[in-house]
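Understanding the architecture of this molecule
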Amino acid sequence: MVVNIDLFIDILEKNFKSWKAPVADFAPDRGRTVFEILVSTVLSSRTKDEVTIKAVSRLFAVARTPLEILELGEDELAGLIYPVGFYRIKAGNLRKISRIIVREHGGRVPDTMDELLRLPGVGRKTANLVLAQGFGKNAICVDTHVHRISNRIGYVSTKTPEQTERALIKKLPIKHWAGINKLFVGFGQTICRPISPRCGSCPVSSMCPAFI
DNA sequence: AAAACGGGGGC
DNA sequence: GCCCCAGTTTT
């Protein structure tokens, strides 16, 4: 059975129309700067969206730009973003990122994969989200949800997220690239969960080879 | 009490 | 590839 991805995504879009993926939903046209999207995504790694949201609302109330973050002490910064996972490491990374952006990029977030990957705490997931959501570029943000679901439904057969990204770039129609992360995060947190997925209330179970 | 959750980096 | 990094939520 080969899933019809256009139909699959179409059904999901209808069913998750009102669902808001907190961090994946951040975008310039929703009042976020690219730098805020970058910071939110760095903080969201290995932590739940709800926790990230609380952390960034506290942080952004005090500092919204690289220069403002650099004015905070590292302990103060760590206190503001607590309790995201690895908050001490991330506080250090945030200062380094801010310093690099100020010193090497004229205060603006770089818009290429190469430059983004040089920022500490930024990997492919974060870089691709910034490129897609922040700069409106054609990039696919493969997080654990996109990776898991793409494999579970048999659309790709890959071991690492990077392999998934390459497979999706080949197979997935480009019109779905920007939206796939937000859509699959919502679907993956509520229905297609890692453990004990709620197949009983899944709108696409009839198309799914993993349907239990 | 234990396992599950979600990326990046160093080796 | 393997293993480490910290905290909250779910079982």
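Rules and cut-offs
- Residues numbered from 1 in each chain as written.
- Chains lettered and ligands numbered in written order.
- Predicted model: local features only at pLDDT ≥ 70, side-chain atom pairs only at ≥ 80, totals over all residues.
- Heavy atoms only, no water.
- Salt bridge = Lys/Arg side-chain N within 4 Å of Asp/Glu carboxyl O.
- Helix = DSSP H or I, 4+ residues; strand = E, 2+ residues; numbered from the N terminus.
- Buried < 20%, exposed > 50% of the residue type's maximum accessible area, 1.4 Å probe, protein only.
- Phe/Tyr/Trp six-rings, centres within 6.5 Å; stacked < 30°, edge-to-face > 60°.
- Lys NZ or Arg CZ within 6 Å of the ring centre and 35° of its normal.
- Near = heavy atom within 4 Å.
- Polar contact = N/O pair within 3.5 Å; in protein donor to acceptor, adjacent residues only side chain to side chain.
- Nonpolar A, V, L, I, M, F, W, Y, C, P; charged D, E, K, R; others polar.
- Domains from an automatic or database assignment.
- Contact = heavy atoms within 4.5 Å.
- Buried area = accessible area lost by both parts, 1.4 Å probe.
- Axes fitted to C-alpha atoms, helices over the stretch in contact; angles between N-to-C directions.
- Parallel < 35°, antiparallel > 145°, perpendicular 65-115°, else oblique.
- Left-handed = near helix turned anticlockwise from the far one by under 90°.

This part is about the pattern of salt bridges. Following the criterion strictly, the structure yields ten salt bridges and no others. For the salt bridge of Lys14 with Asp10, the shortest nitrogen-to-oxygen distance reads 2.9 Å. With Lys14 and Asp10 both in helix H1 (residues 5-15) and four residues apart, the pair spans about one turn of that helix. For Asp10, a relative accessible area of 31% puts it in the partly exposed group.

Per the counting criterion, the structure on display carries four aromatic pairs. On the basis of an interplanar angle of 75° and a centroid distance of 5.8 Å, the ring pair of Phe16 and Phe187 is categorised as edge-to-face. Of this pair, Phe16 sits in the loop between H1 and helix H2 (34-44) while Phe187 sits in helix H11 (residues 177-190), placing them 171 residues apart in sequence. For the pair Phe16 and Phe187, one class covers both residues: buried. Through successive ring pairs, a cluster of aromatic residues spans Phe8, Phe16, Phe184 and Phe187. One residue, Arg32, lies across the ring of Phe26, its end atom 4.2 Å from the ring centre. The ring of Tyr155 has Lys171 lying over it, and the distance from NZ or CZ to the ring centre is 4.4 Å.

What surrounds DNA strand B is a group of 17 residues, the closest being Arg46, Gly121, Thr126, Thr144 and Ile195. The sugar and phosphate moieties of DNA strand B supply 61% of its atoms located within 4 Å of the protein. At 3.0 Å from a phosphate oxygen of DNA strand B is found a side-chain nitrogen or oxygen belonging to Lys125. Within the side chain of Thr126, a nitrogen or oxygen atom sits 2.5 Å from a phosphate oxygen of DNA strand B. Only helix H8 (124-134) and helix H9 (144-152) provide two or more residues apiece to the surface near DNA strand B. Counting residues per element, the surface near DNA strand B draws most heavily on H8, which supplies three residues. Residue classes in the surface near DNA strand B are distributed as five nonpolar, seven polar and five charged.

Looking now at the domain arrangement of chain A. For chain A, the assigned domains read domain 1 (5-20 + 141-207) and domain 2 (28-134). Summarising the inter-unit geometry, the C-alpha centres of domain 1 and domain 2 are found 26 Å apart. Between domain 1 and domain 2, the contact holds ten residues from the first and eight residues from the second. Together, the buried faces of domain 1 and domain 2 total about 730 Å²; carbon and sulfur atoms form 47% of this surface. On the surface where domain 1 and domain 2 come into contact, there are one salt bridge.

The next point concerns the side chain of Asn128. Relative to the helices and strands, Asn128 resides in helix H8. A relative accessible area of 3% means that Asn128 is categorised as buried. Apart from residues no more than four positions distant in its own chain, Asn128 is found in contact with Met113, Ala139, Ile140, Cys141 and Glu165.

Right, let's talk about the packing of H2 against helix H3 (residues 49-62) for a bit. Put simply, H2 and H3 touch, their axes get as near as 10 Å, and they point 140° apart. Classified by the interaxial angle, the pair formed by H2 and H3 is oblique. Crossing geometry of H2 relative to H3 is assigned as right-handed. Within the contact between the two elements, H2 uses Glu36, Val39, Ser40, Leu43 and Ser44 and H3 uses Thr52, Val56, Leu59 and Phe60. Residue classes in the contact of H2 with H3 are distributed as five nonpolar, three polar and one charged.

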